[in-house]
Amino acid sequence: MKDIKTGTKCSQPRKEGSRQKVHAEHGEYARAYNSARISETDSTDAIESRDELLEEMVSRDNMNKAFKRVKANKGSHGIDGMGVDELLQYLRENGETIKQCILDGTYRPKPVRRVEIPKENGKKRNLGIPTVVDRVIQQAIAQVLTPIYEKQFSESSFGFRPKRSAHDAIRKSQRTIQEGYKYVVDMDLEKYFDTVNQSKLVEVLSRTIKDGRFISLIHKYLKAGVVVKHRFADTEIGVPQGGNLSPILSNIMLNELDKELENRGHRFVRYADDSAPRMRGA
């Protein structure tokens, strides 16, 4: 690992008055990003073919929706120490610059802050906490990806998906048992988030997403690095668990597994990186 370096080209601008708190009313959200609204379309496929996903991502409506989500979720600070209470004022002052850097391809995400949380088995789970600004951008990316990939995802996938829950997964498992499937194979992909092949993930994304600038921004987040005890380390593999982007990216990658299980005729239920294929009894 190496010491953290600052001043990366077109990274997040320095915040002034970093300890100043901003108490925003609901109506103030729309002024965080005040860029012109792009024309909307009812066809997600049309957006993909026109290579305009990046413009869709930084649109006024999408960014404000992302800001609201991050603000509501609160959460801990990233490596820059900025909290969600400071986010509105910061975006008012720097939002247009950040947007232009994203469109120019010069935006550089900050590394995530490593946090370890205990697991039930006594081991620890590594989380990567992005800065609050990067959480907004990641959320904006996820909001563009979700409607595109929801059309592709398996009906047997339940984790990190809208209007689906662990209870839905249990109900599907119960129906499968009632249909006569008696044998279960419990599959848990060990350290899945830490071991995702980034090149393979980018290749899978490229099959659907034709805006290379959009994929490039996602790739920058994958390779942004991590700070552990004030030291920087590269992230050549994995999808940092703890950011707003990792759930949708994990489902995009694991959809490949879902397709293979379906092609083999297995009944299964998958929740994130846990899966349970079922087979009929003799």
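The preceding data block contains the structure.
Rules used in this analysis
- Residues numbered from 1 in each chain as written.
- Predicted model: local features only at pLDDT ≥ 70, side-chain atom pairs only at ≥ 80, totals over all residues.
- Heavy atoms only, no water.
- Helix = DSSP H or I, 4+ residues; strand = E, 2+ residues; numbered from the N terminus.
- Buried < 20%, exposed > 50% of the residue type's maximum accessible area, 1.4 Å probe, protein only.
- Contact = heavy atoms within 4.5 Å.
- Areas by Shrake-Rupley, 256 points an atom, 1.4 Å probe, with all protein chains shown as cover.
- Phe/Tyr/Trp six-rings, centres within 6.5 Å; stacked < 30°, edge-to-face > 60°.
- Lys NZ or Arg CZ within 6 Å of the ring centre and 35° of its normal.
- Core = buried A, V, L, I, M, F, W, Y, C linked by side-chain atoms within 4.5 Å.
- Patch = residues over 30% accessible without salt bridge, like charges linked within 9 Å, V, L, I, M, F, W, Y side chains within 5 Å.
- Salt bridge = Lys/Arg side-chain N within 4 Å of Asp/Glu carboxyl O.
- Lys, Arg positive; Asp, Glu negative; His and termini not counted.
- Charge placed at Lys NZ, Arg CZ, Asp CG, Glu CD.
- 1 Å grid on protein atoms, 1.4 Å probe; cavity = no way out; pocket = protein on both sides within 12 Å on 5 of 7 lines; lining within 4 Å.
- Points joined across faces, edges and corners; volume = space filled by probe spheres on them.
- Nonpolar A, V, L, I, M, F, W, Y, C, P; charged D, E, K, R; others polar.
- Expected span 1.5 Å × (residues − 1).
- Axes fitted to C-alpha atoms, helices over the stretch in contact; angles between N-to-C directions.
- Parallel < 35°, antiparallel > 145°, perpendicular 65-115°, else oblique.
- Left-handed = near helix turned anticlockwise from the far one by under 90°.

Colleague: Hey, could you run me through the overall build of the chain in this one?
Modeller: Broken down by element type, the chain carries 10 helices and 10 strands. For the chain, buried positions account for 45% of its 282 residues. Summarising the internal contacts of the chain: among those between residues at least 6 apart in sequence, 76% fall at separations of at least 24. Of the roughly 15200 Å² that the chain leaves accessible, carbon and sulfur atoms contribute 48%.

Colleague: Would you mind showing me how to read the packing of aromatic side chains here?
Modeller: Aromatic rings considered in pairs are described by the distance between their centres and by the relative angle of their planes. One pass over the structure, following the stated rule, counts two aromatic pairs. Their ring planes at 25 degrees and their centres at 6.2 Å tell us that Y149 and F153 sit as a pair that is stacked. Each member of the pair Y149 and F153 is classed as buried. Directly above the ring of F158 sits R164, whose terminal nitrogen or CZ lies 4.9 Å from the centroid.

Colleague: Just checking my understanding: could you explain the nonpolar core for this structure?
Modeller: Inside soluble globular proteins, nonpolar side chains tend to come together where they are buried. Ranked by internal contacts, the top residues of the largest apolar core, which has 52 residues, are M57, I137, I141, L145, F214, L249 and I252. Contributions of two or more residues to this core are made by α2 (53–57), α3 (60–73), α4 (87–104), α5 (132–150), α7 (192–195), α8 (198–208), α9 (212–222) and α10 (246–263). Filtering out sequence-adjacent residues up to four positions away, L249 remains in contact with L145, L201, L205, I218, L222 and V239.

Colleague: For this particular structure, what's the right way to read a positive patch on the surface?
Modeller: A surface patch of positive charge is lined by K119, K123, R125 and K191. Turning to its location among the elements, K191 is positioned in the loop between β5 (187–188) and α7.

Colleague: Could you clarify how one ought to interpret unusual backbone geometry in this entry?
Modeller: Glycine aside, the phi torsion of most residues is negative, and most peptide linkages are trans. One non-glycine residue with positive phi stands out, namely K74, at about 60 degrees. K74 gets classed as exposed once you look at its relative accessible area, which sits at 57%. Unlike most non-glycine residues, K163 shows phi in positive territory, near 60 degrees. Among the secondary structure elements, K163 is positioned in the loop between α5 and α6 (166–178). According to the relative accessible area criterion, K163 is exposed, its value standing at 85%.

Colleague: Help me out: how do you make sense of empty space enclosed by the protein in this one?
Modeller: For the structure shown, the criterion picks out two cavities of 30 Å³ or more. One number sums up the size of the largest cavity: a volume of about 90 Å³. Forming the walls of the largest cavity are 14 residues, and the residues nearest its centre are Q138, Y221, L222, P240 and L245. When residues of the lining of the largest cavity are traced back to their parent elements, those giving at least two are α9 and α10. Residues of the lining of the largest cavity, tallied by class, amount to nine nonpolar, four polar and one charged.

Colleague: Sorry, what's going on with α6 here?
Modeller: What sets the pattern is the α-helix's 3.6 residues per turn: residues three or four places apart point alike. Taking 1.5 Å of rise per residue, the 13 residues of α6 would be expected to cover 18 Å, and the 19 Å separating its terminal C-alpha atoms lies within 8% of that figure. Phi for G180, located one or two positions after α6, is positive at around 105 degrees.

Colleague: When you look at the environment of E96 in this model, what are you seeing that I'm missing?
Modeller: Tracing the backbone shows E96 in helix α4. Since its relative accessible area comes to 39%, E96 is described here as partly exposed.

Colleague: Explain the packing of α3 against α5 to me, please; I cannot follow it from the model alone.
Modeller: Geometry of a packed helix pair, given as the angle between the helix axes and the separation of the axes. In contact at an axis separation of 8 Å, α3 and α5 are set at 120 degrees when each is read in the N-to-C sense. Classified by the angle between their axes, α3 and α5 sit oblique to one another. Every pair of crossing elements has a handedness; the one defined by α3 and α5 is right-handed. For the pair formed by α3 and α5, the contact residues are N62, M63, K65, A66, F67, R69 and V70 on the first element and V132, R135, V136, Q139, A140, Q143 and V144 on the second. Among the residues making up the contact of α3 with α5, the classes are represented as eight nonpolar, three polar and three charged.

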